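Descriptive analysis of the structure
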Amino acid sequence: MPTTATISQPALAPLTHQEREVLYAVGCGMRDSEIATALSLPQDAVAGHLARILAALGLRDRAAAIVHAFDCGLVTPGRGPRRQTKVPAPRAAVHRATERRTPEPPLRISVLGPLQAWRGGQPVDLGHLRQQAVLAALVLCPDRAVSQQELLDGVWGMEPPLTNVVPVYIYRLRKILRSGDGPGSVIEHSRCGYRLLPGAAKVDMARMEELVTAAGTAERAGELTEAVRFCSQALGLFRGELLAGLPGPLAELERLRLTERRTALAQRKLNWQLRLGRHTEAIEELWALTVAQPLNEPVAAMLMRALYLGGRQADALTVFERTRRRLADDLGVSPGQLLRRTHQMILRGYDAGLGLAGATP
């Protein structure tokens, strides 16, 4: 990708100074919320600036804007930004978003496993399961208020309670979760419903998403080792059965969503490890994934690659045969293109292709 252009090229001429700052931040891989914080702008203003940038430069989407920022020299691959501004470079943004020390709220809530809460380091008794499910609904919808009807539908489903118990559960949760003897509540009520106040609690799901964003930023900066490290930390936040025992359709849907999220993150990390040549390190985790998900063809293909590149061709071919049989027996289908292509490359000894085969999920 050419990077010899300067920021004064005609390609950037239609942009205002503020729009250049936004384009620079987009090129660094920052999200709209991070750009808004760095430039002291409302988040919807950032979205508006990006829309005008795309229109002014004739770009299709955000990905094209990132490429343009590199092509015009606004951001330089491997060396960070060409100039110092109040918007941080990708690596600095990663560390600022994930590693700076800030005062933590006294309340911690975990949903990447059984629902748990701690206040000042001490576990909190959240009451019976329906009450816990109400709290989980608020935690799992962090950016908006959840209406009373949504809580009834999500927690009770087709068997609503005979009386209006939602305000009672909210009242109890407020008492349980408030800090010490202070009057402050961590749950806000508005005409739209109830929500957990932003910043009132440290939630493991939010931390997981921060680490995933950091991993993506590190990958775009060419720092795959850092990307693996951040992704490993995100996966380490998952523990035990997700939302164990919580009733209702919402908890069931979130269980499925978070399980898929965890699997996708594991595949992403393992793909990066293979790109780094860390085949042996990835094999054990890939074996476990294929046992848990025997019909997952991308995982089977990654395990075959790792085994072959680790000098275990026979084992790689065995994985193909085992997966082929399971697909035929359970689903009545043949292996897909990715699995067949990986199999053919192993048979032909095409090491170079195996080093790149299998896109990141």
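This text follows the structure it describes.
Structural notes, computed from the coordinates. What you see is a predicted model; the values in this text were computed from it and never measured.

**Comments concerning the packing of aromatic side chains**
- Scanning the entire structure with this criterion turns up 1 aromatic pair.
- Note on W156 and Y169: the rings are 5.9 Å apart at their centroids and 15 degrees apart in plane angle, and the pair reads as stacked. Of this pair, W156 sits in helix α7 (residues 148-156) while Y169 sits in helix α8 (residues 166-177), and the two are 13 residues apart along the sequence.
- Relative accessible area serves as the criterion here: at 10%, Y169 is assigned to the buried category.
- Here the basic side chain of R108 rests over the ring of W118, its NZ or CZ set 4.5 Å away from the ring centre.
- Above the plane of the ring of F230 lies R229, whose end atom (NZ or CZ) is 4.8 Å from the centre.

**Considerations on helix α12 (residues 279-292)**
- With 14 residues, α12 extends 20 Å from end C-alpha to end C-alpha; this agrees with the ideal 20 Å at 1.5 Å per step.
- Where α12 bends most, the angle comes to about 25 degrees, and this point is E285.
- Residues of α12 that are buried: H279, A282, I283, L286, L289 and T290.
- The inward-facing, buried residues of α12 abut α11 (249-275), α13 (297-309) and α14 (313-331).

**Quick look at the packing of α13 against helix α15 (residues 337-348)**
- Where α13 meets α15, the axes come as close as 9 Å, and the angle between the chain directions of the two elements is 15 degrees. Between α13 and α15, the interaxial angle falls into the category roughly parallel. In this structure, α13 meets α15 at a crossing whose hand is left-handed. Between α13 and α15, the residues in contact are E297, P298, A300, A301, M304, R305 and Y308 and L338, L339, T342, H343 and I346, respectively.
- Residue composition of the contact of α13 with α15, by class: 8 nonpolar, 2 polar and 2 charged.

**Comments concerning the environment of A215**
- Within the element layout of this structure, A215 appears in helix α9 (residues 204-220).
- Taking C-alpha positions, A215 is 9.5 Å from T225, a pair spaced 10 residues apart along the chain.
- When neighbours within four sequence positions are excluded, A215 is seen to be in contact with A227, F230, C231 and W272.

**Things to note about the packing of helix α3 (residues 43-57) against helix α4 (residues 62-71)**
- Contact geometry for α3 and α4: axes closest at 10 Å, N-to-C directions at 70 degrees. When the interaxial angle is binned, α3 and α4 end up roughly perpendicular. Crossing angle aside, the handedness with which α3 passes α4 is left-handed. Contacts between α3 and α4 involve L50, L54 and L57 from the former and R62, A65 and H68 from the latter.
- Across the contact of α3 with α4, the residue classes break down as 4 nonpolar, 1 polar and 1 charged.

**Considerations on the pattern of salt bridges**
- Counting across every chain of the model gives 15 salt bridges.
- The salt bridge involving R255 is made with E252; its shortest N-O contact spans 2.7 Å. In this pair, R255 and E252 both sit in helix α11, 3 residues apart, roughly one turn of the helix.
- Residue classification places E252 among the partly exposed positions, given a relative accessible area of 40%.

Scoring rules and cut-offs
- Residues numbered from 1 in each chain as written.
- Predicted model: local features only at pLDDT ≥ 70, side-chain atom pairs only at ≥ 80, totals over all residues.
- Heavy atoms only, no water.
- Phe/Tyr/Trp six-rings, centres within 6.5 Å; stacked < 30°, edge-to-face > 60°.
- Helix = DSSP H or I, 4+ residues; strand = E, 2+ residues; numbered from the N terminus.
- Buried < 20%, exposed > 50% of the residue type's maximum accessible area, 1.4 Å probe, protein only.
- Lys NZ or Arg CZ within 6 Å of the ring centre and 35° of its normal.
- Expected span 1.5 Å × (residues − 1).
- Bend = angle between axes of the 7 residues up to and from the residue.
- Contact = heavy atoms within 4.5 Å.
- Axes fitted to C-alpha atoms, helices over the stretch in contact; angles between N-to-C directions.
- Parallel < 35°, antiparallel > 145°, perpendicular 65-115°, else oblique.
- Left-handed = near helix turned anticlockwise from the far one by under 90°.
- Nonpolar A, V, L, I, M, F, W, Y, C, P; charged D, E, K, R; others polar.
- Salt bridge = Lys/Arg side-chain N within 4 Å of Asp/Glu carboxyl O.

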